[in-house]
Amino acid sequence: MRLLYQLNAAFTAIIIIIMSLTAFFVYSLLMDLLVQDELRQLEGRAEVLRNIANEQNPSERVAQLSQFIQDSNFPIVLFDRYGEEVLFSTLPAETAQKWVENYDGDLIEEEVWEGHQGESYVVYDLGFAPSRSGMILVIATPLDDLQVVQAIFAQRMTGVFFIGLMLAIIMGYFLTRKLVTPLTRLKQEVKKIEKRQFSQVQPVKSSGEIKEVEQSVRQMAHELERYITSQKQFFQNASHELKTPLMSIQGYAEGIRDGVFEKDAADKGLTVIVSETERLKKIVNEMILLAKLDSDEDVYHPQATNVIDVITQAKDRLVPLAKERDIELRLESDGAFHTFVDRERILQALINMIGNGIRHANHEVILLSYVEGDSLRILVTDDGDGIPEELLPQLFERFIKGKQGETGLGLAISRAIVQRSGGTIQAYNNKGQNGATFEMKLSKRMSSLRSDIIEEGNDSRKKERDDNGS
Ligand SMILES: Nc1ncnc2c1ncn2[C@@H]1O[C@H](COP(=O)(O)OP(=O)(O)OP(=O)(O)O)[C@@H](O)[C@H]1O
Ligand SMILES: [Mg+2]
């Protein structure tokens, strides 16, 4: 069943239950209220009767009393309580007799008395002075009269009930429609995402939690689109990177086989084949490493590391390259910064960054590191031409490279390593001067890596046990 109908059905059911309960209570309370009201009126009449009874002149008293009884069309019974004798009654004799007999039994406590045919009366009874005489005057109103009033009330209440119910159902329908419509629209937008029609995804007018879901869905669509585009680009770039050396290998190999290249040319061809094969091997190895860093495979082994030592080591490794290119390599750092990272992998990430700097610098590359709160910031700044603007947004993607680039995997690997280390990496062109800066930030608290360390510890202990056992 559609959500709109479900909500409407639930809403209607709740309204009917609430209205029925209210009607039931009001209806049953109404009779009590009518009886109480009638009793008050009877009391008023009894007061008039009392005044007549207190009249001094007996002839006037009788005249007034008979006038009062004639004027009023309500039943009156006068009886002798002790003699159990009806003295006067405007009711059927059986009813009057029944009341006389049962008066001292239970009727004295009741407000509603029953007649001899089962009909009911609201009654007010009063003793006539002197009270010792046992004279009781009962004035009554048939309950039928009150039941007529109650029935009219019930009729009207049912009318109001239905009008109210109709209005509530109509309002409920519009309210639930307002609530459900954004969900239906959102479903249509999600269908577009399912069909990968990302550009056609439209914002849905909504509020509250639905708005939050809508924003998440659009963000998800955006992320998915970005991911699919980058995957496509990755496959295109990867096949291109692999195809170029393969074609060159194939060209030389066929040339040598067919005798097109001979002697020196054949030697040169073989050298190219070997170096291109090396290059292919490097690309494939780096792609495998990236895939492993992305998944949770066992290629990252964190240990307590002084990162400043690692920076110094990276610099030492790159001094020959800097010398070869006549670039001054300066390191400005002090103290120590201990954290839990894979020393070798961080070294690899730094070598990628510094190596790029040296290749793109004109005169110098500066390595600067300093502690800031709980983090260590490492800046690699060069004075080259800077990063081409069009490369900046996707610089850390696989196979993204500039004109003088090599494979375009270095920065992708650096980012994967830094992310596994719980840090961040970013690149920007220097403001007001030439060159680019690459910034790596590592944090001191690497609690997420502790599980890796514990697992690693367990693994090494297990290995020890195995070794001892064998
Ligand atoms: N310091 C820099 N200054 C200017 N451009 C840079 C700098 N560092 C990187 N780049 C640009 O970013 C691109 C990607 O760098 P990345 O290290 O990922 O690949 P690569 O150096 O071309 O190849 P490799 O995979 O061998 O590292 C480079 O090709 C280059 O165009
Ligand atoms: Mg590089």
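These figures come from a predicted structure and were not determined experimentally.

Procedures and definitions
- Residues numbered from 1 in each chain as written.
- Chains lettered and ligands numbered in written order.
- Predicted model: local features only at pLDDT ≥ 70, side-chain atom pairs only at ≥ 80, totals over all residues.
- Heavy atoms only, no water.
- Near = heavy atom within 4 Å.
- Polar contact = N/O pair within 3.5 Å; in protein donor to acceptor, adjacent residues only side chain to side chain.
- Areas by Shrake-Rupley, 256 points an atom, 1.4 Å probe, with all protein chains shown as cover.
- Helix = DSSP H or I, 4+ residues; strand = E, 2+ residues; numbered from the N terminus.
- Nonpolar A, V, L, I, M, F, W, Y, C, P; charged D, E, K, R; others polar.
- Pairing = 2+ DSSP bridges.
- Axes fitted to C-alpha atoms, helices over the stretch in contact; angles between N-to-C directions.
- Contact = heavy atoms within 4.5 Å.
- Salt bridge = Lys/Arg side-chain N within 4 Å of Asp/Glu carboxyl O.
- Buried < 20%, exposed > 50% of the residue type's maximum accessible area, 1.4 Å probe, protein only.
- Expected span 1.5 Å × (residues − 1).
- Phe/Tyr/Trp six-rings, centres within 6.5 Å; stacked < 30°, edge-to-face > 60°.

Chemist: Can you help me understand the site of ligand 1 in this one?
Modeler: In the vicinity of ligand 1, 21 residues are found, and the nearest of them are N356, D382, G402, E406 and G410. A distance of 2.8 Å separates a nitrogen atom of ligand 1 from a polar atom in the side chain of D382. Between ligand 1 and T407 there is a distance of 3.1 Å, counted from an oxygen atom to a backbone nitrogen or oxygen. Considering ligand 1 on its own, with 590 Å² of exposed area, one finds that the protein chains cover 97% of that surface. Ranked by residue count, the leading element in the shell around ligand 1 is helix α8 (residues 343-360), at four residues. The residue makeup of the shell around ligand 1, split by class, is seven nonpolar, nine polar and five charged.

Chemist: I tried to follow the sheet that holds strand β11 (residues 424-429) on my own but got confused; where do I start?
Modeler: Within a sheet, each strand pairs with its neighbour through backbone hydrogen bonds, oriented either parallel or antiparallel. With mixed pairing, the five strands of this open sheet are ordered in space as β7-β9-β10-β12-β11. The open sheet has two edge strands with one neighbour each: β7 (328-332) and β11. Adjacent strand axes in the sheet meet at a mean angle of 15° when their direction is disregarded. In the sheet, β11 pairs with strand β12 (residues 436-443) via six bridges, with the strands oriented antiparallel. Its bridge partner being in β12, T424 is matched across the sheet by K441. Sheet strands touched by helix α9 (residues 410-420): β11 and β12. Its angle to β11, the strand with the most contacts, is close to 140°.

Chemist: Can you help me understand the pattern of salt bridges in this one?
Modeler: For the coordinates displayed, the defined rule picks out 21 salt bridges. When the shortest N-O distance is used, the salt bridge between E189 and K192 registers 3.2 Å. Here E189 and its partner K192 are both found in helix α4 (residues 143-194), three residues apart, which amounts to about one turn of the helix. E214 serves as the salt-bridge partner of R218, at 3.2 Å between the closest nitrogen and oxygen. With a gap of four residues between them, R218 and E214 both fall in helix α5 (residues 208-257), about one helical turn apart. For R218, a relative accessible area of 35% puts it in the partly exposed group. Relative accessible area serves as the criterion here: at 1%, E214 is assigned to the buried category. Overlapping salt bridges, with partners in common, bring together E223, R226, E397 and R415 in one network.

Chemist: What should I look at first to understand the sheet that holds strand β1 (residues 76-80) in this one?
Modeler: If you trace the five strands from one edge of the open sheet to the other, you get β2-β1-β5-β4-β3, paired in antiparallel fashion. The outermost strands of the open sheet, each flanked by one partner alone, are β2 (85-89) and β3 (112-114). Each strand axis lies, on average, 35° off the axis of its neighbour in the sheet, ignoring direction. Sheet topology places strand β4 (residues 120-127) next to strand β5 (residues 135-142); seven bridges connect them, and they run antiparallel. Paired with D125 across the bridge in β5 is V138. Helix-sheet contacts for helix α3 (residues 93-102) involve β1, β2, β3, β4 and β5, and the interaxial angle to β2 is about 135°.

Chemist: Explain α8 here, please?
Modeler: Working note: α-helix, 3.6 residues per turn, so residues spaced by three or four point in the same direction. Under the 1.5 Å per step criterion, the end-to-end length of α8 is 26 Å for 18 residues, consistent within 8% with the ideal 26 Å. Within α8, the full set of buried residues consists of I346, L347, A349, L350, M353, I354, G355, N356, G357 and I358. For α8, the N-terminal cap is D342; the gap from its side-chain oxygen to the backbone nitrogen of E344 is 3.1 Å.

Chemist: It is not clear to me how the packing of aromatic side chains should be interpreted in this structure. Could you clarify?
Modeler: Here the distance between the centres and the angle between the planes together describe a pair of aromatic rings. Per the stated rule, a full pass over the model turns up 11 aromatic pairs. Consider the rings of Y103 and W113, whose centres lie 6.0 Å apart with planes at 70°: the pair is edge-to-face. Residue Y103 is found in the loop between α3 and β3, and its partner W113 is found in strand β3; the two are separated by 10 residues along the sequence. Each member of the pair, Y103 as well as W113, carries the same accessibility label: buried.

Chemist: Whenever I open this one, the environment of M157 confuses me. Can you help?
Modeler: Note that M157 resides in helix α4. Residues M157 and A13 lie 144 residues apart in sequence; the distance between their C-alpha atoms is 19 Å. Once residues lying within four places of it in the same chain are set aside, the contact partners of M157 are A23, V26 and Y27.

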